[in-house]
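Residue-level listing of the chains:
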Amino acid sequence: MSDRLSVLKTYKLYVGGKFPRSESGRVYEVTDSKGKWLANAPQSSRKDARDAVVAARKAFGGWSGATAYNRGQVLYRVAEMLEGRKAQFVHEVADAEGLSKSRAAEQVEATIDRWVWYAGWTDKIAQVVGGGNPVAGPYFNLSSPEPTGVVAVLAPQESSFLGLVSVVAPVIATGNTAIVVASEKSPLPALSLGEVLATSDVPGGVVNVLSGRTAEIAAPLASHQDVNAIDLAGADEVLAKELEIAAADNLKRVLRPQAVDNWTATPGIDRLTAFLETKTVWHPTGSLGASGSSY
(Lines give C-alpha, C1' and ligand atoms only; values in the text may rest on other atoms or scores of the structure.)
Protein backbone atom coordinates (compact mmCIF):
# COMPACT_ATOMS: atom_id res chain seq x y z
CA MET A 1 0.00 0.00 0.00
CA SER A 2 1.37 3.41 -0.97
CA ASP A 3 1.84 6.09 1.63
CA ARG A 4 -0.80 8.81 1.70
CA LEU A 5 -0.57 12.46 2.65
CA SER A 6 -2.33 13.42 5.87
CA VAL A 7 -5.23 15.85 5.61
CA LEU A 8 -4.06 18.79 7.69
CA LYS A 9 -6.63 20.65 9.71
CA THR A 10 -7.50 24.22 8.74
CA TYR A 11 -8.25 26.23 11.86
CA LYS A 12 -10.73 29.09 11.52
CA LEU A 13 -12.26 31.76 13.68
CA TYR A 14 -15.66 31.23 15.29
CA VAL A 15 -17.91 34.28 14.94
CA GLY A 16 -21.69 34.39 15.04
CA GLY A 17 -21.99 30.61 14.84
CA LYS A 18 -19.93 30.46 11.64
CA PHE A 19 -16.30 29.73 10.80
CA PRO A 20 -14.85 32.62 8.80
CA ARG A 21 -11.24 33.06 7.86
CA SER A 22 -9.69 36.27 9.07
CA GLU A 23 -11.06 39.27 7.17
CA SER A 24 -7.46 40.29 6.49
CA GLY A 25 -6.56 36.91 5.04
CA ARG A 26 -3.57 36.70 7.37
CA VAL A 27 -2.35 33.65 9.28
CA TYR A 28 0.53 33.03 11.65
CA GLU A 29 2.48 29.92 12.52
CA VAL A 30 1.67 28.08 15.72
CA THR A 31 4.46 25.86 17.08
CA ASP A 32 4.74 23.44 19.96
CA SER A 33 6.93 23.89 23.02
CA LYS A 34 9.96 22.68 21.03
CA GLY A 35 9.38 24.95 18.06
CA LYS A 36 7.84 22.32 15.79
CA TRP A 37 5.18 23.64 13.41
CA LEU A 38 1.62 22.64 14.36
CA ALA A 39 -0.73 24.71 12.22
CA ASN A 40 -1.41 28.09 10.67
CA ALA A 41 -3.90 29.97 12.82
CA PRO A 42 -6.00 32.90 11.58
CA GLN A 43 -4.57 36.29 12.53
CA SER A 44 -7.63 38.36 13.37
CA SER A 45 -7.95 41.99 12.37
CA ARG A 46 -9.77 44.95 13.92
CA LYS A 47 -12.63 44.22 11.52
CA ASP A 48 -12.90 40.67 12.87
CA ALA A 49 -13.12 42.10 16.38
CA ARG A 50 -15.91 44.48 15.37
CA ASP A 51 -17.79 41.67 13.62
CA ALA A 52 -17.56 39.59 16.80
CA VAL A 53 -19.05 42.43 18.84
CA VAL A 54 -22.00 42.69 16.43
CA ALA A 55 -22.59 38.93 16.70
CA ALA A 56 -22.35 38.97 20.51
CA ARG A 57 -24.78 41.88 20.82
CA LYS A 58 -27.27 40.19 18.50
CA ALA A 59 -27.17 37.01 20.58
CA PHE A 60 -27.40 38.74 23.96
CA GLY A 61 -31.17 39.22 24.11
CA GLY A 62 -32.02 35.59 23.52
CA TRP A 63 -29.28 34.19 25.75
CA SER A 64 -29.86 36.53 28.69
CA GLY A 65 -33.61 36.05 28.33
CA ALA A 66 -33.41 32.25 28.55
CA THR A 67 -34.16 30.69 31.90
CA ALA A 68 -31.17 29.98 34.11
CA TYR A 69 -32.13 26.31 34.15
CA ASN A 70 -32.10 26.20 30.35
CA ARG A 71 -28.67 27.83 30.20
CA GLY A 72 -27.44 25.16 32.59
CA GLN A 73 -28.77 22.40 30.33
CA VAL A 74 -27.08 23.98 27.31
CA LEU A 75 -23.74 24.27 29.10
CA TYR A 76 -23.95 20.69 30.32
CA ARG A 77 -24.41 19.62 26.70
CA VAL A 78 -21.12 21.36 25.89
CA ALA A 79 -19.43 19.26 28.58
CA GLU A 80 -20.88 16.13 26.97
CA MET A 81 -19.41 17.15 23.62
CA LEU A 82 -16.03 17.90 25.20
CA GLU A 83 -16.02 14.45 26.80
CA GLY A 84 -16.60 12.89 23.37
CA ARG A 85 -13.65 14.77 21.86
CA LYS A 86 -11.34 14.35 24.82
CA ALA A 87 -8.60 12.60 22.84
CA GLN A 88 -8.34 15.52 20.41
CA PHE A 89 -8.00 18.05 23.20
CA VAL A 90 -5.42 15.92 25.04
CA HIS A 91 -3.31 15.97 21.89
CA GLU A 92 -3.69 19.74 21.40
CA VAL A 93 -3.02 20.61 25.05
CA ALA A 94 0.04 18.33 25.17
CA ASP A 95 1.49 20.07 22.12
CA ALA A 96 0.53 23.56 23.30
CA GLU A 97 1.90 23.30 26.83
CA GLY A 98 4.69 20.75 26.43
CA LEU A 99 3.01 18.22 28.68
CA SER A 100 3.07 14.45 28.66
CA LYS A 101 -0.07 12.76 27.42
CA SER A 102 -1.01 11.73 30.98
CA ARG A 103 -0.55 15.28 32.34
CA ALA A 104 -2.47 16.71 29.40
CA ALA A 105 -5.28 14.23 30.04
CA GLU A 106 -5.48 15.45 33.63
CA GLN A 107 -5.75 19.03 32.38
CA VAL A 108 -8.50 18.16 29.90
CA GLU A 109 -10.48 16.20 32.49
CA ALA A 110 -10.19 19.11 34.92
CA THR A 111 -11.40 21.42 32.16
CA ILE A 112 -14.49 19.32 31.48
CA ASP A 113 -15.21 19.16 35.21
CA ARG A 114 -14.81 22.93 35.42
CA TRP A 115 -17.38 23.38 32.65
CA VAL A 116 -19.84 21.11 34.47
CA TRP A 117 -19.19 23.04 37.70
CA TYR A 118 -20.15 26.34 36.11
CA ALA A 119 -23.13 24.76 34.35
CA GLY A 120 -24.44 23.81 37.78
CA TRP A 121 -24.24 27.41 38.99
CA THR A 122 -26.54 28.93 36.36
CA ASP A 123 -29.74 28.51 38.40
CA LYS A 124 -28.11 28.93 41.83
CA ILE A 125 -26.11 32.14 41.66
CA ALA A 126 -29.26 34.30 41.98
CA GLN A 127 -30.04 32.75 45.36
CA VAL A 128 -26.51 33.41 46.59
CA VAL A 129 -26.12 37.04 45.51
CA GLY A 130 -29.79 38.11 45.39
CA GLY A 131 -32.81 37.92 47.65
CA GLY A 132 -35.12 39.93 49.86
CA ASN A 133 -33.68 42.87 51.78
CA PRO A 134 -34.93 43.88 55.26
CA VAL A 135 -36.07 47.51 55.07
CA ALA A 136 -37.97 49.86 57.34
CA GLY A 137 -41.46 50.58 56.07
CA PRO A 138 -44.26 48.74 54.29
CA TYR A 139 -42.22 47.60 51.30
CA PHE A 140 -40.94 44.51 49.58
CA ASN A 141 -37.32 45.15 48.63
CA LEU A 142 -35.88 42.52 46.29
CA SER A 143 -32.44 42.39 44.67
CA SER A 144 -31.66 40.13 41.72
CA PRO A 145 -28.53 39.76 39.54
CA GLU A 146 -28.63 40.53 35.82
CA PRO A 147 -25.93 40.03 33.18
CA THR A 148 -23.75 42.99 32.27
CA GLY A 149 -23.95 42.40 28.50
CA VAL A 150 -21.20 41.84 25.94
CA VAL A 151 -17.91 40.85 27.58
CA ALA A 152 -14.49 40.74 25.93
CA VAL A 153 -12.30 38.01 27.44
CA LEU A 154 -8.54 37.83 27.00
CA ALA A 155 -7.79 34.16 27.65
CA PRO A 156 -4.75 33.25 29.79
CA GLN A 157 -1.58 32.91 27.72
CA GLU A 158 -0.10 29.84 29.41
CA SER A 159 -3.10 27.67 30.35
CA SER A 160 -4.47 27.10 26.87
CA PHE A 161 -7.57 25.08 27.78
CA LEU A 162 -8.26 24.90 31.53
CA GLY A 163 -7.49 28.58 31.98
CA LEU A 164 -9.52 29.41 28.88
CA VAL A 165 -12.65 27.61 30.11
CA SER A 166 -12.18 29.01 33.61
CA VAL A 167 -12.60 32.55 32.29
CA VAL A 168 -15.16 31.92 29.53
CA ALA A 169 -17.66 29.58 31.23
CA PRO A 170 -18.62 31.94 34.10
CA VAL A 171 -19.23 34.79 31.66
CA ILE A 172 -21.83 32.90 29.64
CA ALA A 173 -23.22 30.95 32.62
CA THR A 174 -24.57 34.21 34.01
CA GLY A 175 -26.24 35.24 30.74
CA ASN A 176 -23.55 37.40 29.15
CA THR A 177 -22.21 36.91 25.65
CA ALA A 178 -18.47 36.76 25.00
CA ILE A 179 -15.75 37.68 22.53
CA VAL A 180 -12.76 35.49 23.39
CA VAL A 181 -9.22 36.40 22.39
CA ALA A 182 -7.39 33.07 22.43
CA SER A 183 -3.89 32.59 23.81
CA GLU A 184 -1.55 34.12 21.22
CA LYS A 185 1.05 31.38 21.64
CA SER A 186 -1.35 28.43 21.96
CA PRO A 187 -4.68 29.21 20.25
CA LEU A 188 -5.55 25.78 18.89
CA PRO A 189 -7.54 24.43 21.89
CA ALA A 190 -9.63 27.63 21.88
CA LEU A 191 -10.34 27.34 18.15
CA SER A 192 -11.33 23.70 18.62
CA LEU A 193 -13.62 24.74 21.48
CA GLY A 194 -15.45 26.87 18.90
CA GLU A 195 -16.15 23.69 16.92
CA VAL A 196 -17.60 22.07 20.04
CA LEU A 197 -19.82 25.07 20.73
CA ALA A 198 -21.08 25.04 17.15
CA THR A 199 -22.19 21.42 17.43
CA SER A 200 -23.83 21.86 20.83
CA ASP A 201 -26.92 23.85 21.74
CA VAL A 202 -25.14 27.18 22.38
CA PRO A 203 -26.76 29.77 20.07
CA GLY A 204 -24.46 31.35 17.51
CA GLY A 205 -22.90 34.56 18.75
CA VAL A 206 -23.01 33.68 22.45
CA VAL A 207 -19.30 32.84 22.28
CA ASN A 208 -17.04 34.20 19.54
CA VAL A 209 -13.43 33.03 19.32
CA LEU A 210 -10.65 35.11 17.76
CA SER A 211 -6.98 34.18 17.41
CA GLY A 212 -4.00 36.34 16.57
CA ARG A 213 -1.95 39.06 18.23
CA THR A 214 -3.53 39.73 21.61
CA ALA A 215 -2.66 43.44 21.71
CA GLU A 216 -3.93 44.03 18.17
CA ILE A 217 -7.31 42.39 18.80
CA ALA A 218 -7.81 43.65 22.35
CA ALA A 219 -7.31 47.35 21.54
CA PRO A 220 -10.48 47.80 19.45
CA LEU A 221 -12.47 45.68 21.92
CA ALA A 222 -11.38 47.80 24.88
CA SER A 223 -12.40 51.02 23.13
CA HIS A 224 -15.58 49.65 21.50
CA GLN A 225 -18.68 51.48 22.70
CA ASP A 226 -20.88 48.36 22.51
CA VAL A 227 -18.65 46.21 24.72
CA ASN A 228 -19.83 46.39 28.33
CA ALA A 229 -16.96 44.69 30.15
CA ILE A 230 -13.52 43.22 29.64
CA ASP A 231 -11.56 40.50 31.42
CA LEU A 232 -7.81 41.17 31.14
CA ALA A 233 -6.68 37.70 32.29
CA GLY A 234 -4.36 37.24 29.29
CA ALA A 235 -2.80 40.72 29.27
CA ASP A 236 0.60 41.61 30.67
CA GLU A 237 1.01 44.58 32.98
CA VAL A 238 1.75 47.13 30.25
CA LEU A 239 -1.05 46.02 27.93
CA ALA A 240 -3.52 45.78 30.82
CA LYS A 241 -2.87 49.40 31.74
CA GLU A 242 -3.43 50.59 28.16
CA LEU A 243 -6.64 48.60 27.82
CA GLU A 244 -7.94 49.78 31.19
CA ILE A 245 -7.52 53.40 30.07
CA ALA A 246 -9.31 52.67 26.77
CA ALA A 247 -12.12 50.86 28.59
CA ALA A 248 -12.81 53.88 30.77
CA ASP A 249 -14.25 55.77 27.80
CA ASN A 250 -17.64 54.06 28.12
CA LEU A 251 -17.26 53.00 31.77
CA LYS A 252 -16.70 49.31 31.04
CA ARG A 253 -16.44 46.91 33.90
CA VAL A 254 -12.79 45.79 34.01
CA LEU A 255 -11.49 42.64 35.65
CA ARG A 256 -7.76 43.18 36.12
CA PRO A 257 -5.23 40.37 35.61
CA GLN A 258 -4.88 38.12 38.64
CA ALA A 259 -1.97 35.78 39.23
CA VAL A 260 -3.18 32.16 39.22
CA ASP A 261 -0.65 29.59 40.41
CA ASN A 262 -2.95 26.61 40.02
CA TRP A 263 -5.90 26.67 37.63
CA THR A 264 -7.12 23.32 38.98
CA ALA A 265 -8.00 24.87 42.36
CA THR A 266 -11.69 25.45 43.07
CA PRO A 267 -12.40 28.85 41.51
CA GLY A 268 -15.14 30.12 43.82
CA ILE A 269 -17.81 32.46 42.47
CA ASP A 270 -15.73 35.61 41.93
CA ARG A 271 -15.80 35.31 38.16
CA LEU A 272 -19.53 34.59 38.19
CA THR A 273 -20.23 37.82 40.04
CA ALA A 274 -17.64 39.92 38.19
CA PHE A 275 -19.96 40.55 35.27
CA LEU A 276 -23.32 40.76 37.01
CA GLU A 277 -25.31 43.90 37.82
CA THR A 278 -27.72 44.00 40.75
CA LYS A 279 -31.26 45.23 40.13
CA THR A 280 -33.23 46.23 43.23
CA VAL A 281 -37.01 46.63 43.13
CA TRP A 282 -39.17 48.32 45.78
CA HIS A 283 -42.86 47.49 45.99
CA PRO A 284 -45.41 48.69 48.60
CA THR A 285 -46.91 45.91 50.65
CA GLY A 286 -50.21 47.64 51.45
CA SER A 287 -52.22 47.05 54.62
CA LEU A 288 -54.84 44.49 55.59
CA GLY A 289 -57.87 45.37 57.75
CA ALA A 290 -58.23 47.69 60.72
CA SER A 291 -55.28 46.13 62.53
CA GLY A 292 -52.92 47.64 59.97
CA SER A 293 -51.10 44.35 59.41
CA SER A 294 -49.36 44.10 56.05
CA TYR A 295 -48.49 41.35 53.66
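Residues numbered from 1 in each chain as written. Predicted model: local features only at pLDDT ≥ 70, side-chain atom pairs only at ≥ 80, totals over all residues. Heavy atoms only, no water.

A. The arrangement of the sheet that holds strand E3 (residues 131–132) in detail. With respect to topology, three strands assemble into an open sheet ordered E3-E4-E10, the strand pairing being antiparallel. If you trace the sheet from one side to the other, it starts and ends with E3 and strand E10 (276–284), each paired once. Sheet topology note: the E3/strand E4 (residues 139–147) ladder contains two bridges and is antiparallel. Looking at the pairing, Gly132 lines up with Leu142 of E4. (Pairing = 2+ DSSP bridges. Helix = DSSP H or I, 4+ residues; strand = E, 2+ residues; numbered from the N terminus.)

B. Expanded view of the environment of Pro267. Along the polypeptide, Pro267 turns up in the loop between strand E9 (253–255) and helix H10 (270–273). Overall, Pro267 belongs to the partly exposed group, its relative accessible area being 31%. Once residues within four sequence positions are removed from consideration, Pro267 is found in contact with Arg114, Trp117 and Tyr118. (Buried < 20%, exposed > 50% of the residue type's maximum accessible area, 1.4 Å probe, protein only. Contact = heavy atoms within 4.5 Å.)

C. Molecular detail of unusual backbone geometry. If you check the backbone angles, Leu251 has positive phi at about 60° while not being a glycine. Inspection of the secondary structure puts Leu251 in the loop between helix H9 (237–247) and E9.

D. Examining the nonpolar core more closely. Among the nonpolar cores identified, the biggest contains 60 residues, and Leu82, Trp115, Phe161, Leu164, Ile172, Leu197 and Val207 are the most heavily contacted of them. Counting residues per element, this core draws most heavily on helix H6 (residues 162–173), which supplies nine residues. Ignoring sequence-local partners within four residues, the contact set of Leu82 consists of Phe89, Ile112, Phe161, Leu193 and Val196. (Core = buried A, V, L, I, M, F, W, Y, C linked by side-chain atoms within 4.5 Å.)

E. Expanded view of the pattern of salt bridges. A complete count under the given rule lists 15 salt bridges for this structure. When the shortest N-O distance is used, the salt bridge between Arg77 and Glu80 registers 2.9 Å. Linking Arg77 with Glu80, this pair stays in helix H2 (residues 68–84), spanning three residues, or about one helical turn. With a relative accessible area of 32%, Arg77 lands in the partly exposed category. Here the residues in one salt-bridge network are Lys9, Arg85 and Glu195, joined through shared partners. (Salt bridge = Lys/Arg side-chain N within 4 Å of Asp/Glu carboxyl O.)

F. Representation of the packing of aromatic side chains in the model. Under the counting rule described, the total for this entry stands at five aromatic pairs. Ring geometry for Phe89 against Phe161: centres 4.5 Å apart, planes inclined by 5°, an arrangement best described as stacked. One end of the pair, Phe89, is in helix H3 (residues 86–97); the other, Phe161, is in the loop between strand E5 (150–154) and H6, and 72 residues separate them in sequence. We classify Phe161 as buried; its relative accessible area is 1%. Taken together, the ring pairs in this structure connect Trp117, Tyr118 and Trp121 into an aromatic cluster. For the cation-ring pair, Arg57 lies above Phe60, with the distance from its terminal atom to the ring centre recorded as 5.7 Å. Between the NZ or CZ atom of Arg213 and the centre of the ring of Tyr28, over which it lies, the distance is 4.4 Å. (Phe/Tyr/Trp six-rings, centres within 6.5 Å; stacked < 30°, edge-to-face > 60°. Lys NZ or Arg CZ within 6 Å of the ring centre and 35° of its normal.)

G. Here's a closer look at the packing of helix H4 (residues 101–121) against H6. Relative to each other, H4 and H6 sit at 10°, their axes nearing to 9 Å. Taken together, the axes of H4 and H6 are roughly parallel relative to one another. On the side of H4, the interface is formed by Gln107, Ala110, Thr111, Arg114, Trp115 and Tyr118, while H6 contributes Leu162, Val165, Ser166, Ala169, Pro170, Ile172 and Ala173. In terms of residue class, the contact of H4 with H6 is built from nine nonpolar, three polar and one charged. (Axes fitted to C-alpha atoms, helices over the stretch in contact; angles between N-to-C directions. Parallel < 35°, antiparallel > 145°, perpendicular 65-115°, else oblique. Nonpolar A, V, L, I, M, F, W, Y, C, P; charged D, E, K, R; others polar.)

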